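If you want the building blocks of each chain, they are given just below.
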Amino acid sequence: MTYRSGRHFLQIPGPTNVPDRVLRAIDLPTMDHRGPDFAALGHEVLDGLRTVFKTAQPVVIYPASGTGAWEAALVNTLSPGDRVLMFETGHFATLWNKMATKLGLVTEFIPTDWRRGADAAVLEAKLREDKGHTIKAVCVVHNETSTGATSRIGLVRKAIDAASHPALLLVDTISSLASIDYRHDEWGVDVTVAGSQKGLMLPPGLSFNAVSEKARKASAAAKLPRSYWGWDEMLAANKTGYFPYTPATNLLYGLREALRMLQEEGLDNVFARHDRHAEATRRAVRAWGLEVLCAVPEEYSSSLTAVMTPPGHDADHVRKVTLEAFDMSLGTGLGKVAGKVFRIGHLGDFNDLTLAGTLAGVEMGLGLAGVPHKKGGVQAAMDYLAECARKPARKAA
Ligand SMILES: Cc1ncc(COP(=O)(O)O)c(C=O)c1O
């Protein structure tokens, strides 16, 4: 491989660019995870995570990718044959649904056109119909990474309450946690699933379950087989700052650093920054004369934007030429939208100039790929960023 000078632009919607502070933290010598110094690290990350999930409840950390934490959420709370409602918001919701089916759950997969989030009114109607309360859980992907649509979990909660239904609420925040406002306790979520490699600015390898009291009660009766994923032993060990099996020590150093960085910036500022970059990106897309995949403005994702290429123009070709010419990776279209969209990740460790560089790469890539478009997308984004910089809304962290 030839050396390419400058930094690669990793603008896929996760894994995201890992900041130098986190890389340096991970670079520490590995310590004894049963030794006397470990507990301080364990306690700091377990406590710090609660702030990010906005919960007073425990958060479980797995040495696993996000898929592991999906499985943990299901096997800890449900029993074979349980009915589960899921929304087909896109590729990741589809994978979670497949997993649930493989595990022996009976899912009802409510379709969408992959251009919007979960429909709270449909959910309420389904739950009202279920007079015998046979539906045991509702699973929603908060931010559908394949489409760039964010489901409104506050409305999902209201729908469940309006139907007075006792189903558990399980939410995947793998591409939203620490990027888009999220409130585990306030929204009455029972299990929140998350991963390390997106808003948390870490490499892949850690995933999480934030667990409500109701979910822990459900786990006592749940019959799906579990061992590695079981919450009981994990929560018992975590009380002392330790883990029942070998944790990913060096990733925990990185997590400690990332949590400190988020705290220094202030979560509200982090969310505002993601909102700003998403809006600037959409202005660029509109100026190019192209369309954003998400069709509902209230559900536009702040962590990524999926851009539709005109019919007859392969979105993967845009990605290929952009990578070759400008050393920038964009996200591929997944599942039903393969070849039809490319995705711009604007989450994690990111600033206005990283976005300007990213959009410049996309605009040049569209030209090289021969996609019909208008010039001026980068200018539209810069105008917006400059306007925001004139009236900074940054709050004290
Ligand atoms: C929303 C969402 N859920 C689940 C996953 C699967 O996570 P992982 O690939 O870390 O197993 C991803 C991965 O990108 C995702 O974006």
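Residues numbered from 1 in each chain as written. Predicted model: local features only at pLDDT ≥ 70, side-chain atom pairs only at ≥ 80, totals over all residues. Heavy atoms only, no water.

Before going further, it helps to examine the overall build of the protein. From N to C terminus, the protein includes 13 helices and 14 strands. Computed over the C-alpha atoms, the radius of gyration of the protein is 21 Å, within 12% of the 21 Å expected from 2.2 N^0.38 for a compact globule of 397 residues. Taken over the C-alpha atoms alone, the protein extends approximately 60 × 55 × 45 Å along its principal axes. Within the span of the protein, comprising 397 residues, buried residues form 57% of the whole. For the protein, long-range pairs separated by at least 24 residues make up 74% of all intrachain contacts whose partners lie at least 6 apart in sequence. Total accessible area computed for the protein in this model is approximately 16300 Å², and 56% of it derives from carbon and sulfur atoms. In the protein, 45 side chains carry a positive charge and 43 a negative one; their mean positions are 2 Å apart. (Helix = DSSP H or I, 4+ residues; strand = E, 2+ residues; numbered from the N terminus. Rg over C-alpha atoms; globule rule 2.2 N^0.38 Å. Buried < 20%, exposed > 50% of the residue type's maximum accessible area, 1.4 Å probe, protein only. Contact = heavy atoms within 4.5 Å. Areas by Shrake-Rupley, 256 points an atom, 1.4 Å probe, with all protein chains shown as cover. Lys, Arg positive; Asp, Glu negative; His and termini not counted. Charge placed at Lys NZ, Arg CZ, Asp CG, Glu CD.)

Side chains that are nonpolar tend, in soluble globular proteins, to be buried together. Judged by nonpolar contacts, the single largest core of 85 residues is most densely connected at Ile61, Trp96, Val138, Leu200, Phe208 and Leu255. For this core, the element with the highest residue contribution is helix α9 (residues 249-265), accounting for eight residues. Ala149, Val321, Ile344 and Leu385 belong to the second-largest nonpolar core, a separate cluster that totals 28 residues. (Core = buried A, V, L, I, M, F, W, Y, C linked by side-chain atoms within 4.5 Å.)

Ser65, Gly66, Thr67, Trp70, Phe92, Val141, Asn143, Thr145, Asp172, Ile174, Gln197 and Lys198 make up every residue found near the ligand. A distance of 2.8 Å separates an oxygen atom of the ligand from a polar side-chain atom of Gln197. At a separation of 2.7 Å, an oxygen atom of the ligand approaches a polar side-chain atom of Lys198. For the ligand, the protein covers 86% of the area, taking 390 Å² as the surface of the free molecule. No other element matches the three residues that helix α3 (residues 66-77) contributes to the shell around the ligand. (Near = heavy atom within 4 Å. Polar contact = N/O pair within 3.5 Å; in protein donor to acceptor, adjacent residues only side chain to side chain.)

For strand β5 (residues 135-141), a buried count of six out of seven residues is recorded, marking the element as mostly surrounded by other parts of the structure. The pairing of strand β3 (residues 83-88) with β5 spans four bridges and is parallel. Looking at the pairing, Arg83 lines up with Ile135 of β5. Bridge count for β5 against strand β8 (residues 168-172) is five bridges, and the pairing is parallel. Bridge pairing in β8 links Val138 to Leu169. (Pairing = 2+ DSSP bridges.)

Any link to function would need more than the numbers given here.
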